[in-house]
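Breakdown of the fold
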Amino acid sequence: ITTSLLMRSCVHHKWDGILLDMLKKTTIQGGDSDVHYTGLVNRLIMATQTRPRMCSKIITTALARNHAFCISEKVLADFFKTAHRANDYPSAKAVYACLRSRNVRKEFAYELPPSPVVSWMMDIISTNARDRVIGKLLARHVLESPLKVDPYDRADIIGSCARAGYCEEAKALWKYFTPRA
């Protein structure tokens, strides 16, 4: 209870460094404490939604400590939407890369971000050569995902893949999104 209160106070007063240090040092013994920690971190993420950079640091820190840690899909979707509205691509990229890392995917398969966010991220990735790996991961995630991508975002996603040079992924997405007669 004390840790929870201290962490929420850090969020309120925007003491980000202290909050991250506390998250890193909090011990998890399993059982009830693991459930408590999961609830606490999900509440911290919701409380920092208006600050995508801090929110991304909380998510990546929690997942780095424990790859099996489960973050609510709704909380993640809200984070990605907020990062999109704030045009904070570095934060969205950091969280997405963490969610798609091999260690995290072994434990839990997170859903695709909302389709406007995918379109926005692919557009930025297509003009940034350093993010080629993230772009390919995102394109493959769209193909693997059972979630539907909004029809209005499909052309942008395919175009961004083609512009970035992901020929195989762009062709696969074209075939995936094209209705069969």
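Bringing the overall build of the protein chain into the picture now. Per the secondary structure count, the protein chain includes 11 helices and 0 strands. Traced from its N-terminal end to its C-terminal end, the protein chain shows the element sequence α-α-α-α-α-α-α-α-α-α-α. Counting over 181 residues, the protein chain shows a buried share of 44%. Accessible area for the protein chain stands at about 9900 Å²; split by element, carbon and sulfur atoms hold 56% of it.

Each α-helix turn comprises 3.6 residues. Residues three or four places apart therefore point the same way. In this model helix H8 (residues 115-126) runs 16 Å from its N-terminal to its C-terminal C-alpha over 12 residues, within 8% of the 16 Å that 1.5 Å per residue would give. Counted residue by residue, H8 has 9 buried out of 12 residues, so it is predominantly covered. Listed in full, the buried residues belonging to H8 are Ser115, Val117, Val118, Ser119, Trp120, Met121, Met122, Ile125 and Ser126. On the buried face of H8, the contacting elements are helix H5 (73-85), helix H6 (89-99), helix H9 (132-144) and helix H10 (151-164).

With that out of the way, let us pick up unusual backbone geometry. Here the phi dihedral of Asn87 falls at roughly 55 degrees; this positive angle occurs in a residue that is not glycine. For Asn87, the location among the structural elements is in the loop between H5 and H6.

Moving on: the packing of aromatic side chains. The final tally for this structure, using the stated rule, is 3 aromatic pairs. The interplanar angle of 85 degrees and the centroid separation of 6.2 Å between the aromatic rings of Tyr89 and Trp120 together place this pair among those described as edge-to-face. Placement of Tyr89 in helix H6 and of Trp120 in helix H8 is noted, with a sequence separation of 31 residues between them. Taken as a pair, Tyr89 and Trp120 share a single burial class, namely buried.

Scanning the entire structure with this criterion turns up 7 salt bridges. Of the charged contacts in the structure, one is a salt bridge between Lys93 and Asp131, with a shortest N-O distance of 3.1 Å. Here the residue Lys93 occupies a position in helix H6, and Asp131 occupies one in the loop between H8 and H9, the gap between them amounting to 38 residues. For Lys93, a relative accessible area of 25% gives the class partly exposed. One salt bridge in this structure joins Lys136 and Glu169, with 3.7 Å as the shortest N-O distance. Taken together, the positions of Lys136 in helix H9 and Glu169 in helix H11 (residues 167-177) put the pair 33 residues apart, joining distant regions of the chain. One salt-bridge network, held together by shared partners, links Lys136, Arg140 and Glu169.

Our focus in this paragraph is H10. With 14 residues, H10 ought to run about 20 Å at 1.5 Å a step, and its terminal C-alpha atoms sit 21 Å apart, in line with that. All of the buried residues along H10 are Asp153, Ile157, Ile158, Ser160, Cys161 and Ala164. Projected down its long axis, H10 carries its buried residues within an arc of 160 degrees, all on one side. Across H10 from its buried face, at more than 90 degrees, point the exposed residues Pro151, Tyr152 and Ala155.

Between H5 and H8, whose axes approach to 9 Å, the crossing angle comes to 50 degrees. Taken together, the axes of H5 and H8 lie oblique to each other. Read as a crossing pair, H5 and H8 show a hand that is left-handed. Taking contact as the criterion, the partners of Phe80, Lys81, Ala83 and His84 in H5 are, on H8, Pro116, Val117 and Trp120. In terms of residue class, the contact of H5 with H8 is made up of 5 nonpolar, 1 polar and 1 charged.

Thresholds, definitions, all that
Residues numbered from 1 in each chain as written. Predicted model: local features only at pLDDT ≥ 70, side-chain atom pairs only at ≥ 80, totals over all residues. Heavy atoms only, no water. Helix = DSSP H or I, 4+ residues; strand = E, 2+ residues; numbered from the N terminus. Buried < 20%, exposed > 50% of the residue type's maximum accessible area, 1.4 Å probe, protein only. Areas by Shrake-Rupley, 256 points an atom, 1.4 Å probe, with all protein chains shown as cover. Expected span 1.5 Å × (residues − 1). Contact = heavy atoms within 4.5 Å. Phe/Tyr/Trp six-rings, centres within 6.5 Å; stacked < 30°, edge-to-face > 60°. Salt bridge = Lys/Arg side-chain N within 4 Å of Asp/Glu carboxyl O. Arc of directions from axis to C-beta. Axes fitted to C-alpha atoms, helices over the stretch in contact; angles between N-to-C directions. Parallel < 35°, antiparallel > 145°, perpendicular 65-115°, else oblique. Left-handed = near helix turned anticlockwise from the far one by under 90°. Nonpolar A, V, L, I, M, F, W, Y, C, P; charged D, E, K, R; others polar.

Function-wise, these values are silent; they only describe arrangement.
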